[in-house]
Amino acid sequence: MFRAEIQALRAVAVAGVVVYHLWPTALPGGFVGVDVFFVISGFLITQQLANEAGAKGRVTLSQFWVRRIRRILPAALVVLLACILMLVTLMPRVTWVTNLSDIRAAAAYFENWQLGDHAVNYLAASNSPTVVQHYWSLSVEEQFYLVWPLLIVLTVVASRRLRVVRFETLLIAVLSMAAAGSLVVSALWTASDPAMAFFATPTRGWEFAAGGLVAVVLPRLDRMGDRARASLSWLGLAVVVSSMFVITPHDAFPGLIALVPVLGSVLVAAAVLPDRVAWSPRLLLEWRPVQWVGDESYAIYLWHWPLIIAAPWVIERPIGWSAKVVILLASLVLAGLTTRLVENPVRHGAAWRVRRWPAFALAVVGVLTVTSISGDVIARVDRHEHRLEAVATAKSAALVVAPHHRSCFGAAAMVAANHCPRPYARPRHLDTAFAAQDGGSDPCLQSQLETTTPQFCSFGQQRHP
């Protein structure tokens, strides 16, 4: 069943993430939009599976996974291929290997664990982000899609054997235990290892479970009055939006503080917008631009980040306000085209809905294509670097063995074959005062670890024809 408030919640979530990535100081907690997405996924997927289990007494796993493949993979694979093209045509060779390694991990949906293993702090300004680093959240979702239906199936089997316990009651108990356990893990893991905890699937499981609990309990909330629903909707929206301003990258996340955006999302999902209350947020949430952003939220999320990372290499300077506006507009345009030309034909096409094997074939062929292309480019880079290293070694060897009267000056003095009497001695008249001050205020000679954007520097005299 379509619900306008869920689409609007998607719009709020993706808007928060995009604004945070473009203007982080304006919305310091916009990254919590990812947590809102997790709650929405938990709500929709649990509702779908629970309804099927209640109606048929079983869950068809293959059919569920086919629907997920048709919904998620087409756009994700297109953007990954576009990222490879963007990388090799616009960005310097020195960035290729790291980016391609992440692209392979993103295609296989374990990017979150790779980032965690590399101890990359997604929220810090000291990292070197890749064009697909945002795929970590998609990896968490895909892992959820693999495990969650199995949990529902086990609950169906257990309810049949127990008989005295209804399926819905048992499912509420199971989801409650999963949510509580994951929340404890999230709090403890965030306190001990925040970098890994940010990306780890177990620390996010409770957010999916929270949405799932709303889906199961929702039929029991029919007695809630329209005024109460309208109030909960406004309260939930206020909590989600305010959390994007209050929470900052310096907070321990996703520990207990993640309860704030999650509870706000839960309130919106549980309220179900009433028709007969004039002051309800219905007009705002059903506003066509809001619904359009909600419809395109997945594709917007996919496109905005690689454009942000590649833009400085195109314009050869850090991205300013005007460039950020262009990136935002380009993300919206590309998202609309991707949904219309890629996602919808696969998701709603009759040929894809009649049989299941084309979806599984798309998954296998698509992932293998992306990983093989990435691996081939990485191999080419390695061979190129080995050739350069061999040439440099040969030149160095030629310089060492070549007789010349300055063989005991500079680095050549430390070569054993030159037989210099005092290879490590400092020249008597060497003035080190200049060297001590050299580069002290030049940003081009300072460490680049404190910036996420490339630094463009020019040395020497520019020659013009």
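From a predicted model like this one, the values you see are computed outputs, not experimental measurements.

Participant: Could you give me a rundown of the overall build of the protein chain, with the residues and numbers involved?
Facilitator: Within the protein chain one finds 18 helices and zero strands. Taken across its 465 residues, the protein chain has 46% of its residues classed as buried. Of the roughly 24,300 Å² of accessible surface on the protein chain, a fraction of 64% belongs to carbon and sulfur atoms.

Participant: Explain a positive patch on the surface to me, using residue names and the numbers behind them.
Facilitator: On the surface, a cluster of positive charge is made up of Lys56, Arg58, Arg160 and Arg356. Structurally, lysine 56 can be placed in helix α2 (residues 33-56).

Participant: With reference to specific residues and values, describe the packing of aromatic side chains.
Facilitator: Taken as a whole and assessed by the stated rule, the structure comprises 14 aromatic pairs. For the pair phenylalanine 64 and tyrosine 145, a centre-to-centre distance of 6.5 Å together with 75 degrees between the ring planes defines the contact as edge-to-face. Here tyrosine 145 lies in helix α6 (residues 135-162) and phenylalanine 64 lies in helix α3 (residues 61-90), a separation of 81 residues in the sequence. Judged by centre distance (5.7 Å) and plane angle (55 degrees), the ring pair of phenylalanine 144 and tyrosine 145 falls under tilted. Taking the relative accessible area as the measure of exposure, phenylalanine 144 reaches 5% and is therefore buried. Assessed through its relative accessible area of 4%, tyrosine 145 is described here as buried.

Participant: An account of α3 is requested, with residue identities and associated values reported.
Facilitator: When the terminal C-alpha atoms of α3 are compared, their 42 Å separation across 30 residues agrees well with the 44 Å that a helix rising 1.5 Å per residue should span. Taken as a whole, α3 carries its principal kink of about 35 degrees at leucine 73; the proline proline 74 stands between one and four residues after it.

Participant: Which residues make up the nonpolar core, and what values do they have?
Facilitator: Counting residues in each nonpolar core, the largest one holds 112 residues, and the members touching the most others are Leu80, Leu100, Ile103, Val132, Tyr135, Trp136 and Trp148. In terms of residues, this core owes the most to one element, α3, which gives 14 residues. Those residues within four positions of leucine 100 in sequence are excluded, and the remaining contacts are Ile84, Leu87, Ser374, Val377 and Ile378.

Participant: Let's hear about the pattern of salt bridges: which residues, and what values?
Facilitator: Applying the stated criterion across every chain yields a total of nine salt bridges. Here glutamate 5 and arginine 3 are joined by a salt bridge, their closest N and O atoms 2.5 Å apart. The buried category is assigned to glutamate 5, whose relative accessible area is 5%. Taking the shortest distance from any N to any O, the salt bridge between arginine 71 and glutamate 343 comes out at 2.8 Å. With arginine 71 in helix α3 and glutamate 343 in helix α15 (residues 321-348), the pair connects residues that are 272 residues apart, well separated along the chain. No difference in accessibility class separates arginine 71 from glutamate 343, as the two residues are buried.

Participant: How would you summarise unusual backbone geometry if you had to cite specific residues and measurements?
Facilitator: Between phenylalanine 253 and proline 254 the backbone carries a cis peptide bond, its omega angle lying at 15 degrees. Looking at the secondary structure, you find proline 254 in the loop between α10 (226-246) and α11 (259-271). A positive phi is found at valine 272, a non-glycine position, where the angle reads about 55 degrees. Topologically, valine 272 is positioned in the loop between α11 and α12 (282-285). Valine 272 gets classed as partly exposed once you look at its relative accessible area, which sits at 28%. One non-glycine residue, glutamate 316, lies in positive phi territory at about 60 degrees. Note on placement: glutamate 316 falls in the loop between α14 (297-315) and α15.

Participant: Tell me what's going on with the packing of α2 against α11, and back it up with residues and numbers.
Facilitator: For the pair α2 and α11, the least separation of the axes is 9 Å and the interaxial angle reads 40 degrees. In terms of axis orientation, α2 runs oblique to α11. Here α2 runs over α11; the crossing is right-handed. Facing α2, whose interface residues are Val36, Val39 and Phe43, α11 presents Pro261, Val262, Ser265, Val266 and Ala269.

Participant: So what's going on with a nonpolar patch on the surface? Residues and values would help.
Facilitator: A cluster of nonpolar side chains, namely Trp234, Trp279, Leu284 and Trp287, defines an oily patch on the protein surface of about 450 Å² accessible area. Inspection of the secondary structure puts tryptophan 234 in helix α10.

The rules behind each value
- Residues numbered from 1 in each chain as written.
- Predicted model: local features only at pLDDT ≥ 70, side-chain atom pairs only at ≥ 80, totals over all residues.
- Heavy atoms only, no water.
- Helix = DSSP H or I, 4+ residues; strand = E, 2+ residues; numbered from the N terminus.
- Buried < 20%, exposed > 50% of the residue type's maximum accessible area, 1.4 Å probe, protein only.
- Areas by Shrake-Rupley, 256 points an atom, 1.4 Å probe, with all protein chains shown as cover.
- Patch = residues over 30% accessible without salt bridge, like charges linked within 9 Å, V, L, I, M, F, W, Y side chains within 5 Å.
- Salt bridge = Lys/Arg side-chain N within 4 Å of Asp/Glu carboxyl O.
- Lys, Arg positive; Asp, Glu negative; His and termini not counted.
- Charge placed at Lys NZ, Arg CZ, Asp CG, Glu CD.
- Phe/Tyr/Trp six-rings, centres within 6.5 Å; stacked < 30°, edge-to-face > 60°.
- Expected span 1.5 Å × (residues − 1).
- Bend = angle between axes of the 7 residues up to and from the residue.
- Core = buried A, V, L, I, M, F, W, Y, C linked by side-chain atoms within 4.5 Å.
- Contact = heavy atoms within 4.5 Å.
- Axes fitted to C-alpha atoms, helices over the stretch in contact; angles between N-to-C directions.
- Parallel < 35°, antiparallel > 145°, perpendicular 65-115°, else oblique.
- Left-handed = near helix turned anticlockwise from the far one by under 90°.

That is the geometry; function is a separate question.
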